[in-house]
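Here is how the chains run, residue by residue.
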Amino acid sequence: MIKKLLQRVVALMGATLMLSIVGTAMAAPNLVEQRQRVSLDGEWQIIVDPLGLGDSSPFGGDIPERGYFLNPPRGPQNLVEFSFDNSQTLTVPGDWNSQKAELFFYDRTVWYHRMITSAGTGDGMGDGTGDGRKFLHFGAVNYRAKVWIDGAFVGAHEGGFTPFAFDVTDALSAPGDHSLVVKVDNLHGTHTIPTRWADWLHFGGITRSVSLVSVPAAHIEDFTVSLKDHQTKQGVIKIDVTGVTSRTDITVAIPALNIQRQVQTDSSGALYLQLDLSDATLWSPQNPQLYDVIVTLGDDEVSDRVGFRTVETRGTDILLNGEPIFLKGVAMHEESILHEGRSHGPADAKAMLMLAKELGANFIRLAHYPHDAATTRLADELGLLIWSEVPVYWQIAFEDEAVLAKAKTMIGEMIRRDANRASVVIWSIANETPESDERLAFLEALADEVRRLDNTRLVSAALLTGRKELEAIGYAVVSRALNDPQVSDKTKQALADEIGFFPSAIARAAAWLGNVGPAAAPDMRSEDPLGEFVDVVAINEYFGWYYAAFIPLIVPLPEADARRIIFDMMDEVVIGTKFDKPLIISEFGAGAKAGYTDPTAPIWSEDYQAKVYDMQLQMLERSDQLAGISPWVLRDFRSYMRPLNSIQDYYNRKGLVSETGQKKKAFFILQQYYQNRE
Ligand code: GCB
């Protein structure tokens with residue numbers, strides 16, 4: 001009886017919740033760092049809620065505005081089983097996994113709370129005057145966020161690495177203190193992006209800064225500047241204005257270039273202005289020249305520091321300002337050598353980008369999700385080219401329209417935030433997605449979406465070593481093993497028996513390879529059909545690391561033999577793509593524990609990793625399509641996939657430096673290579 005009653009109450013409350021959903025992310029002002037804002041960073045009170053009961057009930061349905069965790073206790077006769085008072089705290093921005101040892105493996109719900117003080121209605125400009133609007137802006141929350149002010153639902157967001165904001169003008173209209181509650185749910189599943197299975201740690205929490213942004217009612221929502229042609233130096237600025245109801249002046253100024261343009265508008269929407277940038281010095285890694293671009297609409301003024309450059313492809317070249325450029329890169333996760341956990345802000349960005357500079361890099365692959373805005377801003381200043389990626393990683397629910405919609409939202413939010421960053425030259429739509437018809441349709445749609453939103457940059461995706469390539473490697477290794485004096489007769493016999501027993505796989509590979517003699521190296525030209533839809537084909541390959549470990553799973557060849565044979569074979573392998581496009585080797589690498597050295601180069605030693613780098617760099621030079629590389633990876637990074645005691649301890653050890661910045665031998669091999677490479 002009581003249970004039934006409760007169910008009814010909860011169901012009714014659930015219906016209220018549905019009606020109360022408001023707030024959209026995209027109408028909010030962009031370029032928030034350039035605006036008047038109040039930081040909400042600092043210590044937030046928290047409640048850890050592993051069962052997710054704060055806004056739901058074990059009897060089903062949702063608990064709405066007056067949910068379990070949302071309102072403070074009202075009096076001594078109220079039964080209360082939670083309180084933010086005297087609760088633990090977490091620092092925002094920051095993940096919870098690295099802040100509290102007991103939360104290292106925690107991936108569910110944490111409730112965050114803090115107070116906001118408002119001067120009340122009319123406080124749009126933060127000074128109690130005017131009729132402006134206030135937006136609550138989050139740099140990123142991993143993975144789902146639900147937000148309430150004074151117990152009233154404000155909005156929700158899914159996706160752990162991109163910014164979002166809600167209009168909270170009305171919620172904060174009363175002067176005084178308001179309670180802000182954010183439910184952060186970090187549980188990933190089969191229909192999230194990424195899914196639960198990823199080779200990095202899903203650091204949960206409010207991982208980037210939170211602020212309250214104030215704008216006048218009529219304001220510049222966004223502006224995007226781009227150089228259309230590096231020869232004529234003609235550019236264009238797109239300005240989105242909102243809240244405009246009467247004739248209003250818009251001014252565009254680039255003082256260093258003596259540019260001052262004025263137009264008038266009497267309505268909201270997008271305006272385009274051609275810009276003659278003939279006097280500008282083009283942005284490049286050698287000379288990362290930036291200009292202040294200032295846009296004014298009535299009382300609202302927004303400025304951004306912008307570089308002007310073009311990026312395009314011609315055949316197998318990537319051209320920056322019309323000139324071929326080789327991308328001397330490195331991949332990195334968003335973890336810095338300054339501390340544990342997800343990194344954020346200018347200090348972390350500086351530590352990592354300066355390390356990349358020291359390596360001699362001019363290019364960074366920001367894997368596997370959009371990194372903090374401070375990173376791409378600093379890359380602009382330092383002249384580093386950037387690959388920015390959405391976390392469409394490995395197998396995701398490609399067949400699901402709702403998942404495609406989520407991926408498009410992430411792409412939209414990523415592009416919007418960084419549209420003015422000269423450093424960003426490549427938008428990557430995926431990493432290592434296994435081939436299927438559904439995957440191809442999904443990624444083709446994402447490539448279209450990128451081009452619809454931004455046709456001034458290149459589209460790429462990091463491809464998985466295909467089945468054909470793996471079969472080819474297997475075939476080449478086995479055929480070499482059968483003729484190798486160091487392979488035992490017993491093994492050769494076992495291999496011969498196996499081939500006799502499973503002729504089809506070998507025959508398939510042989511047919512594909514054509515008539516290649518027994519000691520041939522595999523032809524590693526990727527045929528992944530996604531190559532057609534990207535501007536730059538990027539391939540992840542692990543010669544010298546994983547491939548040797550796969551072979552014994554298929555044929556009876558000891559891993560040590562396979563490893564030695566593959567190293568020999570690397571002298572002949574040529575990697576490419578069947579498409580006439582530039583090729584980036586977006587990953588290669590090997591694991592090494594910093595400080596473990598041994599001249600016999602056993603696995604996990606710095607020497608082994610250095611040897612892989614040495615052989616890889618020689619091998620890759622043979623590709624005539626190669627336009628760049630971004631070896632895996634700059635710093636060791638956290639991953640639940642890597643538990644090996646005393647070596648990994650939940651770090652992926654393929655870093656060129658350890659988590660504290662200790663350089664491994666391979667760092668210097670790559671540095672040397674970049675010094676000598678044009
Ligand atoms: C890959 C993935 C990357 C992994 C890496 C590894 O191919 O793209 O996310 O961390 O290999 O270390 O296995």
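Relevant structure appears above.
Residues numbered from 1 in each chain as written. Predicted model: local features only at pLDDT ≥ 70, side-chain atom pairs only at ≥ 80, totals over all residues. Heavy atoms only, no water.

### Focus: the overall build of the chain
For step 1, the next point in the chain: Of the regular secondary structure elements, the chain holds 12 helices and 32 strands.
For step 2, the next point in the chain: Across the 678 residues in the chain, those meeting the buried criterion constitute 58%.
For step 3, the next point in the chain: For the chain, the proportion of contacts with a sequence separation of at least 24, taken over those separated by at least 6, is 73%.
For step 4, the next point in the chain: Per element, the accessible surface of the chain, about 27200 Å² overall, is 53% carbon and sulfur. (Helix = DSSP H or I, 4+ residues; strand = E, 2+ residues; numbered from the N terminus. Buried < 20%, exposed > 50% of the residue type's maximum accessible area, 1.4 Å probe, protein only. Contact = heavy atoms within 4.5 Å. Areas by Shrake-Rupley, 256 points an atom, 1.4 Å probe, with all protein chains shown as cover.)

### Observations concerning the environment of F84
For step 1, the next point in the chain: You can see F84 is positioned in the loop between β2 (42-49) and β3 (89-92).
For step 2, the next point in the chain: A relative accessible area of 7% places F84 in the buried class.
For step 3, the next point in the chain: Here the alpha-carbon distance between F84 and F69, two residues 15 residues apart in the chain, equals 8.4 Å.

### Observations regarding the pairing of strand β30 (residues 626-629)
For step 1, the next point in the chain: As paired strands, strand β21 (residues 327-332) and β30 are joined by 2 bridges and run parallel to one another. Across the sheet, residue K328 finds its bridge partner in β30, namely I629.
For step 2, the next point in the chain: Relative to β30, strand β29 (residues 583-587) runs parallel, the two being bridged by 3 bridges. For I585, the partnering residue across the bridge sits in β30 and is I629.
For step 3, the next point in the chain: The parallel pair β29 and β30, bridged by helix α11 (residues 606-620), forms a crossover whose chirality is right-handed. (Pairing = 2+ DSSP bridges. Right-handed = clockwise from strand over helix to strand, strands pointing away.)

### A look at the site of the ligand
For step 1, the next point in the chain: If you check the shell around the ligand, you find 14 residues, and the closest are D199, H368, E432, Y546 and K654.
For step 2, the next point in the chain: A distance of 2.6 Å separates an oxygen atom of the ligand from a polar side-chain atom of Y393.
For step 3, the next point in the chain: In the model, an oxygen atom of the ligand is placed 3.2 Å from a nitrogen or oxygen of the W632 side chain.
For step 4, the next point in the chain: With the chains in place, 96% of the 320 Å² that the ligand exposes on its own is no longer accessible.
For step 5, the next point in the chain: Of the residues that constitute the shell around the ligand, the class distribution is 5 nonpolar, 4 polar and 5 charged. (Near = heavy atom within 4 Å. Polar contact = N/O pair within 3.5 Å; in protein donor to acceptor, adjacent residues only side chain to side chain. Nonpolar A, V, L, I, M, F, W, Y, C, P; charged D, E, K, R; others polar.)

### Concerning the side chain of N186
For step 1, the next point in the chain: Tracing the backbone through its elements, the reader meets N186 in the loop between β9 (176-185) and β10 (210-215).
For step 2, the next point in the chain: Classification of N186 as buried rests on a relative accessible area of 1%.
For step 3, the next point in the chain: Within the structure, N186 has its side chain in polar contact with the backbone oxygen of H202 (distance 2.6 Å).

### As for the sheet that holds strand β16 (residues 291-297)
For step 1, the next point in the chain: Across the sheet, which stays open at both edges, the 4 strands sit in the order β14-β13-β16-β17 with antiparallel pairing between neighbours. Unpaired on one side and paired on the other, β14 (259-265) and β17 (300-306) mark the two borders of the sheet. Strand-to-strand, the axes of this sheet are offset by a mean angle of 15°, without reference to chain direction.
For step 2, the next point in the chain: Where β16 meets β17, 7 bridges bridge the pair, whose relative direction is antiparallel. Note on β17: the bridge partner recorded for Y291 is V306. (Axes fitted to C-alpha atoms, helices over the stretch in contact; angles between N-to-C directions.)

### A look at the environment of N420
For step 1, the next point in the chain: Secondary-structure assignment places N420 in the loop between α4 (401-418) and β24 (424-431).
For step 2, the next point in the chain: The class for N420 is buried, based on a relative accessible area of 2%.
For step 3, the next point in the chain: In sequence terms N420 and S226 are 194 residues apart; their C-alpha atoms lie 7.3 Å from each other.

### Points about the side chain of H113
For step 1, the next point in the chain: Structurally, H113 can be placed in strand β4 (residues 109-118).
For step 2, the next point in the chain: Assessed through its relative accessible area of 10%, H113 is described here as buried.
For step 3, the next point in the chain: In this structure the side chain of H113 is engaged in a polar contact, spanning 2.7 Å, whose partner is the side chain of Q45.
For step 4, the next point in the chain: Apart from residues no more than four positions distant in its own chain, H113 is found in contact with W44, Q45, F84, S179, L180 and V181.

### Quick notes on α11
For step 1, the next point in the chain: Counted at 1.5 Å a residue, the expected span for α11 with its 15 residues is 21 Å, and the 21 Å between its end C-alpha atoms agrees.
For step 2, the next point in the chain: α11 sits mainly inside the fold: 12 of its 15 residues count as buried.
For step 3, the next point in the chain: Buried residues in α11 make contact with α10 (559-569), β28 (574-577), β29, β30 and α12 (665-676). (Expected span 1.5 Å × (residues − 1).)

### Examining the packing of aromatic side chains
How two aromatic rings sit relative to each other is set out by the distance from centre to centre and by the angle between their planes.
For step 1, the next point in the chain: Inspection of the entire model under this criterion finds 29 aromatic pairs.
For step 2, the next point in the chain: Ring plane angle 55° and centroid distance 5.7 Å describe the contact between W96 and Y106, whose orientation is recorded as tilted. One end of the pair, W96, is in the loop between β3 and β4; the other, Y106, is in the loop between β3 and β4, with 10 residues separating them in the sequence. Like Y106, W96 is buried.
For step 3, the next point in the chain: Summarising the aromatic geometry, the rings of W545 and W604 are spaced 5.3 Å apart at their centres and angled 80° between planes, so their arrangement reads as edge-to-face. You can see W545 sitting in the loop between β27 (536-540) and α9 (546-554) and its partner W604 sitting in the loop between β29 and α11, a full 59 residues away along the chain. When sorted by exposure, W545 lands in the same class as W604, which is buried.
For step 4, the next point in the chain: Each residue in the set Y542, F543, W545, Y546, Y547, F550, F567, W604 and Y608 is aromatic and connected to the rest through ring pairs, giving one cluster. (Phe/Tyr/Trp six-rings, centres within 6.5 Å; stacked < 30°, edge-to-face > 60°.)

### What about α9?
Each turn of an α-helix holds 3.6 residues, which means side chains three or four residues apart point in the same direction.
For step 1, the next point in the chain: Listed in full, the buried residues belonging to α9 are Y547, A548 and I551. One face of α9 carries all of its buried residues, which in axial projection span an arc of 100°.
For step 2, the next point in the chain: Summarising the contacts, the buried residues of α9 are in contact with α6 (467-482), β27 and α10. (Arc of directions from axis to C-beta.)

### Things to note about the pattern of salt bridges
For step 1, the next point in the chain: Enumeration according to the criterion identifies 39 salt bridges in this entry.
For step 2, the next point in the chain: Salt-bridge contacts for R35 lead to D300; the nearest nitrogen and oxygen are separated by 3.7 Å. One end of the pair, R35, is in the loop between α1 (2-20) and β1 (37-39); the other, D300, is in strand β17, and 265 residues separate them in sequence.
For step 3, the next point in the chain: Residue classification places D300 among the buried positions, given a relative accessible area of 6%. (Salt bridge = Lys/Arg side-chain N within 4 Å of Asp/Glu carboxyl O.)

### Topic: the sheet that holds β24
For step 1, the next point in the chain: Spatially, 8 strands are ordered β21-β22-β23-β24-β25-β27-β29-β30 in a closed barrel, and the strand pairing comes out parallel. In this sheet, adjacent strand axes meet at a mean angle of 30° when their direction is disregarded.
For step 2, the next point in the chain: Of the strand pairs in this sheet, β24 and strand β25 (residues 458-463) are connected by 4 bridges, and their pairing is parallel. Its bridge partner being in β25, N431 is matched across the sheet by A462.

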